[in-house]
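Architecture and fold: a report
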Amino acid sequence: MPVLLATKRALALPFLPLCAAAVCACGTAVSTTSFKGEQHEVAQTISNLQADATAGEQKKVCADDLAGALVRRLGGAKGCEQAIKTQLAEVDSLEVTVQSIKVAPGGRTATATVKSVHEGKTSPSTVALVKEGGKWKLSGTQ
């Protein structure tokens, strides 16, 4: 069993920057008003993830906000929920600003550059998103 736990922890590590440095904030809401069209939808996905994480809704994060491939890498629904719960326990407060969004030609993938402030330190991150079933979902960090 310790090997399985270590494996899930290793799979969760790529999610840590996404969660702790990009979007799982327990702070102010992500502003989506400066974006239009598909860019607005991408920004809304980041805002939804932040809201779900702030509310402690691990099940919603895994089902609604994260791409299927990422959920599978985290061990399916239950593994994902546990990984999110663990990561949220490590994040106290974080402010996030979406700085720019680029939707790739064809509209199936996008990247968002976000700036986060955690414990007084500013750090930029780029998060990747994919469109699944007509809805944008976070697929990782770049």
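In this report, we go over the structure that sits alongside the text.

Here is what the cut-offs are and how they apply
- Residues numbered from 1 in each chain as written.
- Predicted model: local features only at pLDDT ≥ 70, side-chain atom pairs only at ≥ 80, totals over all residues.
- Heavy atoms only, no water.
- Pairing = 2+ DSSP bridges.
- Helix = DSSP H or I, 4+ residues; strand = E, 2+ residues; numbered from the N terminus.
- Salt bridge = Lys/Arg side-chain N within 4 Å of Asp/Glu carboxyl O.
- Buried < 20%, exposed > 50% of the residue type's maximum accessible area, 1.4 Å probe, protein only.
- Arc of directions from axis to C-beta.
- Contact = heavy atoms within 4.5 Å.
- Disulfide = S-S within 2.5 Å.

1. Section: the pairing of strand E4 (residues 135-141)
When strand E3 (residues 121-132) meets E4, the two strands line up antiparallel, connected through six bridges. Looking across to E4, one finds that Val 127 is bridged to Thr 141. Connecting E3 to the next strand, E4, in antiparallel fashion are two residues, including Gly 133 with a positive phi near 60°.

2. Quick notes on the pattern of salt bridges
Opposite charge on two side chains makes pairing possible when the charged atoms of those side chains draw close. Across all of its chains, the model carries two salt bridges by this definition. A salt bridge links Lys 131 to Glu 38; its shortest N-O distance comes to 3.0 Å. Here Lys 131 is found in strand E3, whereas its partner Glu 38 is found in helix H3 (residues 37-54), with 93 residues between them in sequence. Here Lys 131 falls in the buried class, since its relative accessible area comes to 17%.

3. Re helix H4 (residues 58-65)
Within H4 the residues assigned to the buried category are Gln 58, Val 61, Cys 62 and Asp 65. Buried residues in H4, looked at end-on, bunch into an arc of 120°, giving them a common side. Elements that come into contact with the buried residues of H4 comprise H3, helix H5 (68-73), helix H6 (76-89) and E4.

4. Focus on the state of the cysteines
A full pass over the atoms with the stated rule returns one disulfide. With a sulfur-sulfur separation of 2.1 Å, Cys 62 is cross-linked through a disulfide to Cys 80. Its torsion about the S-S bond being -95°, the disulfide of Cys 62 and Cys 80 is classed as left-handed. Of this pair, Cys 62 sits in helix H4 while Cys 80 sits in helix H6; the two residues are 18 residues apart in sequence, bridging distant segments of the chain.

5. Re the side chain of Asp 65
Inspection of the secondary structure puts Asp 65 in helix H4. Other than its neighbours up to four places away in sequence, Asp 65 contacts Thr 45, Asn 48, Leu 49, Asp 52, Lys 60, Lys 137 and Leu 138.

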